[in-house]
Amino acid sequence: QVQFVESGGGLVQAGGPLRPSCVAPGVTSTFNVFAWYRQAPGKQRELVARISSSGGTNYLDSVKGRFTISRDNGRNTVYLQMNNLKPEDTAVYYCYLSRPGWSPDWGQGTQVTVSS
């Protein structure tokens, strides 16, 4: 089980940026997929963005053009640059890691609150 270190959430006004990050210590597999999910109160958890080991990315339609996922393989770290944040982006954001031969790993979550 990976013990993620998540940081970078917080409170921001609408239109502002945040950049959560997630470190996955001890992960040696290079063939893996990192992702960010989010869950708002009363709603199901949804995939926000994912990035493969080769750098391929996918995004939730509502964040395209505003959010960018990136990774630093040398530091086992994934980032989510969030620009032009909207109140509807308010949620707990979870880091996720998928590796061949392992069960998926989840971070503890970081709260993102966007005020109008």
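These numbers were taken from a predicted model, which means no experiment stands behind them.

Here we take up the packing of aromatic side chains. Considering all chains together, one arrives at 3 aromatic pairs under this definition. Here the aromatic residues Tyr37, Tyr96 and Trp106 are joined through ring pairs into a cluster of three or more. Its guanidinium or amino end placed over the ring of Trp106, Arg45 lies 4.7 Å from that ring's centre, counting from NZ or CZ.

Looking now at unusual backbone geometry. Not every positive phi belongs to a glycine, and Asn76 is a case in point at roughly 50°. Counting through the fold element by element, Asn76 comes out in the loop between β7 (67-72) and β8 (77-82). Here the phi dihedral of Asn84 falls at roughly 50°; this positive angle occurs in a residue that is not glycine. Take Asn84: it is sitting in the loop between β8 and β9 (91-98).

On to the layout of surface pockets, then. Counted as a void, the largest pocket has a volume near 180 Å³. Along its surface, the largest pocket is lined by 14 residues, and Arg38, Lys43, Glu46, Glu88 and Asp89 are the ones closest to its centre. For the lining of the largest pocket, the class distribution of residues is 3 nonpolar, 4 polar and 7 charged.

Right, let's get into the pattern of salt bridges. Scanning all chains against the criterion turns up 6 salt bridges. Lys64 is paired through a salt bridge with Asp61; the nearest N and O atoms lie 3.0 Å apart. By the burial criterion, Lys64 is exposed, and Asp61 matches it. A salt bridge links Asp72 to Arg75; the nearest nitrogen and oxygen atoms lie 3.7 Å apart. Several salt bridges converge on common partners, so that one network encompasses Arg38, Glu46, Arg66 and Asp89.

Another point: the pairing of strand β11 (residues 110-115). Along β11, the buried face is formed by Thr110, Val112 and Val114; none of Gln111, Thr113 and Ser115, which line the opposite face, is buried. With 4 bridges joining them, strand β2 (residues 10-13) and β11 adopt parallel strand pairing. Across the sheet, Gln13 pairs through a bridge with Ser115, a residue of β11. When β9 meets β11, the two strands line up antiparallel, connected through 3 bridges. What sits directly across from Val92, in β11, is Gln111.

Criteria and thresholds
Residues numbered from 1 in each chain as written. Predicted model: local features only at pLDDT ≥ 70, side-chain atom pairs only at ≥ 80, totals over all residues. Heavy atoms only, no water. Phe/Tyr/Trp six-rings, centres within 6.5 Å; stacked < 30°, edge-to-face > 60°. Lys NZ or Arg CZ within 6 Å of the ring centre and 35° of its normal. Helix = DSSP H or I, 4+ residues; strand = E, 2+ residues; numbered from the N terminus. 1 Å grid on protein atoms, 1.4 Å probe; cavity = no way out; pocket = protein on both sides within 12 Å on 5 of 7 lines; lining within 4 Å. Points joined across faces, edges and corners; volume = space filled by probe spheres on them. Nonpolar A, V, L, I, M, F, W, Y, C, P; charged D, E, K, R; others polar. Salt bridge = Lys/Arg side-chain N within 4 Å of Asp/Glu carboxyl O. Buried < 20%, exposed > 50% of the residue type's maximum accessible area, 1.4 Å probe, protein only. Pairing = 2+ DSSP bridges.

Coordinates in, geometry out; function isn't part of it.
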